[in-house]
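# Survey of secondary and tertiary structure
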Amino acid sequence: MYNGGGHQYVFYAGQDWMIRKGVEPLRIVRGDRMRLADRFVRPTGYRTAADRLVQPGSVVLLGAKPGSGRRAAAIMLLHELGGDGDADEEPVRFDELPATDRDRGEFSFSPGVGDRYLLDLSGISGDESYAEAQHRLAAYRSQVQEEGAHMVVVLPVGMAHAPSPDLEPYTVRLGRPRGVAVVTRYLRMDRMPFGSGDLRSVGLQRLFDCSPMRELARFAGLVRTARDSGRFGTDIAGWLDQAMHAVADRADEVRKQMATVRTTAERALLITTAVFEEAPADTAYEAWHVLLRTVGYEEDGEATKFERTDFGASLNALGVERDSDGRIRFGRLAYAEAVRSYFWTNFPGVRDDLRDWIGQAAVLRGLTTDDRMNVVVRFGEGSLAVARPDHLFDLVARWAGRAPGASCDPLAVRALELGLSHESSGGWFRKRMYDCVRSGPLSDGLARVLIAACVQGLASTHPDQALVRLHHLALRKGRVGLEAGEELLGLASRDRGLYRLLIDRLRNRTRRAEQPHLRLLTELMTSGRSPDPPSWPDLFLGCEVVLSQPPTKLWNPLVRSWLNVAAADSTREMALLVMVRATHGRTAALHRLYAIACDWASSARHPSRAAVAAVFWQHIDDAQYAHTESTQQPADGPLTTEEAR
């Protein structure tokens, strides 16, 4: 049944096609799922949920307490269905669906057989939001069941007071995995030498029994950090002890230290060390003074430099060490992280100063590339933790503007990728990117950073959104626009869904031959950009727009590319018929196709070219005859597209 607007195009050539509109999901990256699978411990109730999810069209709703690993369980339920595809098979989709109208945008949900979807409603709160979530869930569930896809839903905790009887048969209650099992799995994956008795202390048992799953994962990571640092002994007992104190005691330790560190200079040095930990001491000293100037601190003008406390003594007073390579660090594991958290949480009045400071200090000459990236990540984590994504993006724009020539500033790219990957603020950064590419002035440096972020990060998590932003950037004049266009076409060529989506966008925006949309569409239609095997309905829709324009030089590479493919592979001769049908019998267009084929056949005398050209010419003759016949029919009204064909 077809009840949309416009023409409907149907082709049959030995197989069926199903054209699905582009979806704008949060695509769950396969590499992340594989890493999670290595460390995942199944909670109680998991097997029941897995058994229910096996059948096509199945929907499973997960009810669980916060911190129990419910989102990880939902991802693993879908992951263990398999179906990621191989070289000869297009993989099924594995996407996250938007939970609210705010996140939807121009969302269009069109599931296919075997596709897998996650709907995370755990962040929903309030009766009105619950009602909206239930309505959206019902719509998604209906389509998933009809199309034979699979969906797992993470339910919000507060939804229990307003249950829907229709959802109860699909709901599975999950318990909390055993904390010791989770930590054990992580430690084993990190090749940690330990025995079961090493994890039986009272403090560890309390941590295992009460901490949320993400805190247990952090604890295991700190054990690994303690081992790899080489500063906390050579056995598991010392590493576990340091990690335990880092998780349980660091915040209190920082609060106690701040009660004794009262001067501006001391506090500035403390936060400088926390941000520039592992950086050279001389560079940290320079960064310290940049911060003092930024906050308007004036040193005692009467004291000479020799009379002031030396830098080493200032560091020692704060519990900061200098290693043999001259780099600074705190003596306690994860203390720098706790210091940064304290300052960003408790000094809101200096956050603007911290942003301006990092903008200058992160590019000091004494820093290595790794040092700079550490500074960017640490500042970004602090800003995002206190819901100030604008501070991070301010630095993206500042650093991007300093990139020379055609280069792309790596600090700006790293900062933007950090924002895009953030669980809470990622949507803010995607919208900010969208606003940048659509309106207002945009420097070439920032445009290149946005291109890089689309290709390196957004294309893996939100490919549809990456395509939309690259499309806007590709419309810019000059070299940056060409660079964006190349990345846009490359992205669309690697995914059938994105290929269809870009065709639709370009078709809807093409009006005149001189518009850049037509140039992009023509290049997208060439054989080198088409998915393998080609999607003939998509090719027809694109060619229909290109060949409806007056003949231009853009036609030559398009037509010749498909003639070359047909000459090399007879199964691709469908492209010849598609191009001819796309002209709808227009005489000028058919004549131009004929001329291009003549030039192509004569440019290299080879039997395969002559044979392909002959087939192409026959299609052209048939189209001209059919068009002549149709114009001689009684005038009973305009012909439909199907009748003309």
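Residues numbered from 1 in each chain as written. Predicted model: local features only at pLDDT ≥ 70, side-chain atom pairs only at ≥ 80, totals over all residues. Heavy atoms only, no water.

### Overview of the side chain of S561
Heads up, the condition is: Helix and strand definitions follow DSSP, with helices as H or I runs of at least four residues and strands as E runs of at least two, each counted in order from the N terminus. Any two residues having at least one pair of non-hydrogen atoms within 4.5 Å are treated as being in contact.
Looking at the element boundaries, S561 is found in helix 26 (residues 555-568). The residues touching S561, leaving out its near neighbours within four places in the chain, are T526 and S527.

### Some points on the pattern of salt bridges
Rule in force here: Basic side-chain nitrogens of Lys or Arg form a salt bridge, by our definition, when they fall within 4 Å of a carboxyl oxygen of Asp or Glu. Using a 1.4 Å probe on the protein chains alone, a residue whose accessible area is under 20% of its type maximum counts as buried, one over 50% counts as exposed, and one in between counts as partly exposed.
One pass over the full model with this rule turns up 33 salt bridges. The shortest N-O distance in the salt bridge between R227 and D228 comes to 3.0 Å. For R227, a relative accessible area of 22% translates into the label partly exposed. Between D371 and R327 there is a salt bridge whose closest N-O contact spans 3.1 Å. One end of the pair, D371, is in helix 16 (residues 369-385); the other, R327, is in the loop between strand 7 (320-322) and strand 8 (328-330), with 44 residues separating them in the sequence. Classification of R327 by relative accessible area gives partly exposed; the value is 22%.

### Looking at unusual backbone geometry
Of note, the amide linkage connecting D532 to P533 takes the cis form, showing an omega dihedral of 0°. Relative to the elements of secondary structure, P533 occurs in the loop between helix 24 (516-525) and helix 25 (536-546). Positive phi, normally seen in glycine, also occurs at A387, with a value near 60°. Mapped onto the elements of the fold, A387 is located in the loop between helix 16 and helix 17 (389-400).

### Brief notes about helix 8 (residues 213-229)
Going by this rule: Take the number of residues in a helix, subtract one, and multiply by 1.5 Å to get its expected span.
With 17 residues, helix 8 extends 24 Å between its outermost C-alpha atoms, agreeing within 8% with the 24 Å of an ideal straight helix rising 1.5 Å per residue. Among all positions of helix 8, only M213, L216, F219, A220, G221, L222, V223 and A226 are buried. Those residues of helix 8 that are buried are in contact with helix 6 (179-189), helix 7 (202-210) and helix 9 (236-248). Once helix 8 ends, the next one or two residues include G230, with phi positive near 75°.

### As for the environment of G148
Tracing the sequence through the fold places G148 in the loop between helix 5 (127-147) and strand 5 (150-154). Using a relative accessible area of 12% as the deciding quantity, one classes G148 as buried. Between the alpha carbons of G148 and P56 there is a distance of 4.4 Å; along the sequence they are 92 residues apart. Setting aside residues no more than four positions away along its own chain, G148 makes contact with P56, G57, G112, V113 and G114.

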